[in-house]
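# Coordinate inspection notes
One-letter residues, chain by chain:
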Amino acid sequence: MIPRRVLLVGATQGLGLALAQRYRAEGWDVVATTVVPSPALEALDGVTVLPLDITDEDQALALRDSLAGQRIDVLHIVAGILPQGDAPIWERADEEILRVLKTNAIGSVRLATLLEPLVPEGGTFAFTSSGMGSMVRNTLAGADLYRVSKAALNMLARSFAVTHGEKRAVLIICPGWAKTEMGGADATVEVADSVDGIYRLVSTAHPSADGAPFLEYTGDTVPW
């Protein structure tokens, strides 16, 4: 039997790296991208590592061309950045705002659109969002640039599902506040638990009449 293939975007470290390990352990053919060299990723047996800065359209086009003719059963996009500091969005430089939006939202859906022809009927697109992209959950304020970028991803992914999700699954996944370098010391979710839940959602996904559901790694629905 031909193994299923996943293209895992943003596997340098943290959740992306842990997901690469999980997919391989489950017998998947894994192609993973990294924005900078990742010895830990490159050390994984059977993983093809390709360079990609998701904010760079030329690199996205080059990735598409390098994968031409191949089948991608799951396009799983994990890439994301957390802006540093507490400054509100209107005090941040335009360059930083655009970089965060392109990394966390625009670049992800642009890449999915470019690679859409490689994902067959029954395949899956998985976008990594955050509970901080939920308006209902915004009860503390703060971190508004990150919140805006994830809310933008949610909207763009829903639009992507309308145009491309009729015969393929489109998921928007909140990984929880995972104990990664990005999550920080106060995070509450073990990486293994987050990865277990994410893998279960992605590996069993199917097209939905509701478009792109916004799901917690536990499978619970995240309120918009």
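See the structure above.
Here goes a summary of the coordinates provided.

How each quantity is defined
Residues numbered from 1 in each chain as written. Predicted model: local features only at pLDDT ≥ 70, side-chain atom pairs only at ≥ 80, totals over all residues. Heavy atoms only, no water. Helix = DSSP H or I, 4+ residues; strand = E, 2+ residues; numbered from the N terminus. Rg over C-alpha atoms; globule rule 2.2 N^0.38 Å. Buried < 20%, exposed > 50% of the residue type's maximum accessible area, 1.4 Å probe, protein only. Contact = heavy atoms within 4.5 Å. Polar contact = N/O pair within 3.5 Å; in protein donor to acceptor, adjacent residues only side chain to side chain. Pairing = 2+ DSSP bridges. Right-handed = clockwise from strand over helix to strand, strands pointing away. Axes fitted to C-alpha atoms, helices over the stretch in contact; angles between N-to-C directions.

### Details of the overall build of the chain
Within the chain, the secondary structure is distributed over six helices and seven strands. Secondary structure elements of the chain occur, N-terminal to C-terminal, as β-α-β-α-β-α-β-α-β-α-β-α-β. In summary, the chain has a C-alpha radius of gyration of 16 Å against a globular reference of 17 Å for 224 residues, a match within 12%. Seen along its three principal axes, the alpha-carbon backbone of the chain occupies a region of about 50 × 40 × 35 Å. Out of the 224 residues in the chain, the part that is buried amounts to 49%. Put simply, 67% of the contacts in the chain that link residues at least 6 apart link residues at least 24 apart.

### Observations regarding the environment of Asp 29
Relative to the helices and strands, Asp 29 is located in strand E2 (residues 29–34). Ignoring sequence-local partners within four residues, the contact set of Asp 29 consists of Pro 3, Arg 4, Arg 5, Val 6 and Arg 24. A polar atom in the side chain of Asp 29 sits 2.9 Å from the side chain of Arg 5.

### Side note on the pairing of E2
Burial of E2 is extensive: five of the six residues sit out of reach of the surface. Across five bridges, the pairing between strand E1 (residues 5–9) and E2 is parallel. Bridged to Leu 7 within E2 is Val 31. In the classification by handedness, the crossover that spans E1, the intervening helix H1 (residues 14–25) and the parallel E2 is right-handed. As paired strands, E2 and strand E3 (residues 47–51) are joined by five bridges and run parallel to one another. Looking at the pairing, Thr 33 lines up with Leu 50 of E3.

### Focus: the sheet that holds E1
If you trace the seven strands from one edge of the open sheet to the other, you get E3-E2-E1-E4-E5-E6-E7, paired in parallel fashion. Both edges of this open sheet fall to E3 and strand E7 (214–216), since each of them pairs with a single strand only. Between one strand axis and the next, the sheet turns through 20° on average, direction left out of account. Bridge count for strand E6 (residues 169–174) against E7 is three bridges, and the pairing is parallel. Its bridge partner lying in E7, Ile 173 is registered against Leu 215. Along the sheet, H1 makes contact with E1, E2, E3 and strand E4 (74–77), crossing E1 at roughly 170°.

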